[in-house]
Amino acid sequence: MECSVRTLPLSVGLLLAVVFPCVFGVELTVKIPNKMCFHEDIKADTKFTFEFQVIEGSDYNIDLMLYGPDNAEIHSQQKQQYDSVHQTAKTAGVYTACFSHTSLTSKTVYFDWVLGDAQDHLPVSHHQALTALESSTMYIHDRLKVAVDYQTHFRLRETQGRDHAEHMNEIVAYLSLAEAIVLVTVSLMEVYILRSFFADRRANI
């Protein structure tokens, strides 16, 4: 279950908690060896959003398959770095999301599986006129949700960039070591050739 109220005035935080109850879901960052599946029990007619992004691993892509309670495939993507799926559960049961790849090394994947919609839990009907306080609360909620999404994607981009930079730094370090070994080897060979040249001249004299 995921529910958090950021640093806000107490009155605003309490009002958001009353008007917008918590939306169930899961948010994880996991290492996928070759294939890994996750399961979620979803009620019928429940909206859900599944979003993922590869943040570490070769080629930065992965395969995704979503299955319904009857093991029927409801969504599939091949070799994607990022994807966002919006669905409504037609039948109640356990839904499964499977990640897979054929790389030799594991991949780190962030995914967010959110069940329900905060708009469905509003204490007022869509046909009723909203008060100024309710309208302001809805606006704050929407802006905070957008801000959290942006922060999450920025952090993922930062993690991905840092991983790429560390990988490049490792390659540069290995190349520098190889270059140093080559330079030392060439220097020793030059010294050996020069010494043998003067040794041959002394022998002829």
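Residues numbered from 1 in each chain as written. Predicted model: local features only at pLDDT ≥ 70, side-chain atom pairs only at ≥ 80, totals over all residues. Heavy atoms only, no water.

*Asks:* Help me out: how do you make sense of unusual backbone geometry in this one?
*Replies:* A negative phi angle characterises most non-glycine residues, just as the trans form characterises most peptide bonds. Here the phi dihedral of D45 falls at roughly 65°; this positive angle occurs in a residue that is not glycine. Among the secondary structure elements, D45 is positioned in the loop between β2 (35-42) and β3 (47-56). Positioned with a positive phi, N71 is a non-glycine residue whose angle comes to about 65°. (Helix = DSSP H or I, 4+ residues; strand = E, 2+ residues; numbered from the N terminus.)

*Asks:* What should I look at first to understand the confidence of the model for the protein in this one?
*Replies:* For residues with low pLDDT, the predicted coordinates do not support detailed interpretation. Residues with a pLDDT of 70 or more make up 77% of the protein, whose mean pLDDT is 78. A low-confidence stretch, residues 1-23 stays under pLDDT 50, and its non-local contacts, those more than four residues away or across chains, total 36 contacts. (pLDDT = per-residue confidence, 0-100. Contact = heavy atoms within 4.5 Å.)

*Asks:* I keep staring at the side chain of N61 and nothing clicks. Help me out?
*Replies:* Tracing the chain through its elements places N61 in the loop between β3 and β4 (62-67). Overall, the relative accessible area of 17% leaves N61 in the buried class. (Buried < 20%, exposed > 50% of the residue type's maximum accessible area, 1.4 Å probe, protein only.)

*Asks:* Sorry if this is basic, but what is going on with the state of the cysteines here?
*Replies:* By definition, a disulfide links the sulfur atoms of two cysteine residues through a covalent bond. Counting across every chain of the model gives one disulfide. C37 shares a disulfide with C98; S-S distance 2.0 Å. Classification of the bridge connecting C37 and C98 rests on its S-S torsion, roughly 105°, and on that basis the disulfide is right-handed. With C37 in strand β2 and C98 in strand β7 (residues 93-100), this residue pair connects regions lying 61 residues apart in the sequence. With relative accessibility at 32%, the residue C37 sits in the partly exposed group. (Disulfide = S-S within 2.5 Å.)

*Asks:* Got a minute to help me understand the pairing of strand β5 (residues 73-80) in this structure?
*Replies:* For a regular strand, the rule is simple: side chains alternate between the two faces of the sheet. Where β4 lies against β5, five bridges are found, and the strand directions are antiparallel. Note on β5: the bridge partner recorded for L64 is Q77. Here β4 folds back onto β5, and the loop between the two strands holds five residues, one of which, N71, carries a positive phi near 65°. (Pairing = 2+ DSSP bridges.)

*Asks:* Honestly, the sheet that holds β5 in this entry has me stumped. Any pointers?
*Replies:* For sheets, the rule is that strands pair by backbone hydrogen bonds, running either parallel or antiparallel. Spatially, four strands are ordered β2-β7-β4-β5 in an open sheet, and the strand pairing comes out antiparallel. Of all strands in the sheet, those with a lone pairing partner are β2 and β5, marking the two edges. Averaged over all adjacent pairs, the angle separating strand axes in this sheet is 10°, with direction ignored. By the bridge criterion, five bridges tie β4 to β7 in an arrangement that is antiparallel. When the bridges of β7 are listed, L66 appears paired with A97. (Axes fitted to C-alpha atoms, helices over the stretch in contact; angles between N-to-C directions.)

*Asks:* Just checking my understanding: could you explain the packing of aromatic side chains for this structure?
*Replies:* Any aromatic ring pair is given by two values, namely how distant the centres are and how the planes are angled relative to each other. Under the defined criterion, the tally for this structure stands at 10 aromatic pairs. Arranged with centres 6.0 Å apart and planes meeting at 35°, the rings of F50 and F99 form a pair that is tilted. With F50 in strand β3 and F99 in strand β7, this pair connects stretches of sequence that are 49 residues apart. An identical accessibility class is assigned to F50 and F99; each is buried. (Phe/Tyr/Trp six-rings, centres within 6.5 Å; stacked < 30°, edge-to-face > 60°.)

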